[in-house]
Structures are given as structure tokens and as C-alpha cells.
Amino acid sequence: MAFTDLLTQRSTIKRFVPTTTLMGEQTFTLTTIATNVLCEIQERGGGLNRRIFGELVEATHRGYYQAGTDLREKDKIIKADDGLEFEVIFVDKVFGNHHIEVSLRRPFLLAAS
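Worth saying up front: this structure is predicted, and the values here are computed from it rather than measured.

(A) Structural view of the overall build of the chain. The secondary structure content of the chain amounts to zero helices and six strands. Going residue by residue from the N terminus, the α and β elements of the chain occur as β-β-β-β-β-β. Relative to its 113 residues, the chain shows a buried fraction of 31%. Taking the contacts inside the chain whose residues are at least 6 apart along the sequence as the reference set, 52% of them involve residues at least 24 apart. Within the structure as shown, the chain displays about 7,300 Å² of accessible surface, and the carbon and sulfur contribution to it stands at 51%.

(B) Molecular detail of the nonpolar core. Listed in full, the 12 residues of the largest apolar core are Ile13, Val37, Cys39, Ile41, Tyr65, Leu71, Ile77, Phe86, Val88, Ile100, Val102 and Leu104. Excluding residues that lie within four positions of it along the chain, Ile100 makes contacts with Gly63, Tyr64, Tyr65, Gln66, Ala67, Gly68, Thr69, Leu71, Val91, Asp92 and Lys93.

(C) A look at the pairing of strand β6 (residues 99–105). The buried count for β6 comes to six of seven residues, which makes it a mostly enclosed element. As paired elements, strand β5 (residues 85–94) and β6 share seven bridges and run antiparallel to each other. The residue bridging Lys93 from the neighbouring strand is Ile100, located in β6.

(D) Up close: the pairing of strand β4 (residues 76–79). Pairing geometry for strand β1 (residues 9–20) and β4, over four bridges, is antiparallel. Residue pairing in the sheet places Thr12 in a bridge with Ile78 of β4. Bridge count between β4 and β5: three bridges; the pairing is antiparallel. Bridge assignment links Lys76 to a residue of β5, and that residue is Glu87. Remark: five residues form the turn of the hairpin made by β4 and β5, two consecutive strands paired antiparallel; Gly83 in that turn has positive phi of roughly 75°.

(E) Region of the structure containing a nonpolar patch on the surface. On the surface, Phe16, Phe28 and Leu30 cluster together into a nonpolar patch covering about 310 Å² of accessible area. Its place among the elements puts Phe28 in strand β2 (residues 26–52). Phe28 sits in the exposed class, given a relative accessible area of 52%.

(F) Inspection of unusual backbone geometry at higher detail. Although it is not a glycine, Asn36 sits at a positive phi angle of roughly 60°. Inspection of the secondary structure puts Asn36 in strand β2. Overall, the relative accessible area of 51% leaves Asn36 in the exposed class. A positive phi is found at Lys74, a non-glycine position, where the angle reads about 80°. Looking at where Lys74 falls in the secondary structure, it is placed in the loop between β3 (55–66) and β4.

What counts and what doesn't
- Residues numbered from 1 in each chain as written.
- Predicted model: local features only at pLDDT ≥ 70, side-chain atom pairs only at ≥ 80, totals over all residues.
- Heavy atoms only, no water.
- Helix = DSSP H or I, 4+ residues; strand = E, 2+ residues; numbered from the N terminus.
- Buried < 20%, exposed > 50% of the residue type's maximum accessible area, 1.4 Å probe, protein only.
- Contact = heavy atoms within 4.5 Å.
- Areas by Shrake-Rupley, 256 points an atom, 1.4 Å probe, with all protein chains shown as cover.
- Core = buried A, V, L, I, M, F, W, Y, C linked by side-chain atoms within 4.5 Å.
- Pairing = 2+ DSSP bridges.
- Patch = residues over 30% accessible without salt bridge, like charges linked within 9 Å, V, L, I, M, F, W, Y side chains within 5 Å.
- Salt bridge = Lys/Arg side-chain N within 4 Å of Asp/Glu carboxyl O.

Encoded structure:
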């Protein structure tokens, strides 16, 4: 069985790209980098904490992608089947670039009342 056979979901990858306004000011625009990307996103049973710029961030999900997929920290991932959005908090190339594993978090989760 090939690794790609384990990737049963699809997603869109978006990234904030710097752009310059007509007034010469730099802004960031959320741009689609890739669509229909094979992946497998799974909820983590227990959170995995990562320290990012001194801030402790909890990964709520784990994503698996083919080697060579253009993923970076702070990218936005949108699952095609249900529209759930995630933020990439860590990218790890596994086994000498066999595949990519990413730590993800749902940035817009609201606490239950």
C-alpha cells in the first residue's frame, strides 16, 4: 500500500502573502496556494504543545501530506469535505522527506457555555 492510499481527504492551503498598496504601504493578503491537496487530518486525543515565539500553543489536530507539499507555519488549511479551518503551527518532514506531518490548531474554537 502506498502512502498516498492513506490520504483520504482533500484540502485547500492558503497563506498570507505580502502585497503593496497603491499608497506604497505593505499589507498581507490571504492567498490560495493550492487546492484539492491530498491529506489526512485527525483530531489529537491529547494536545501537543509547541512553543512558538515564546507562546505555548496547543495542537488540536495532526495533518499528513505528501512530500513536496508547500506548507509553512501560519498557513491556513481548509478541509474540502466539511470546511473546517486550521492554522499550521509546525511542519515536520518525516523519514528523509517521505511525507510531511503538520501540527494544526483550530483557531476559532469557542468555549462551551
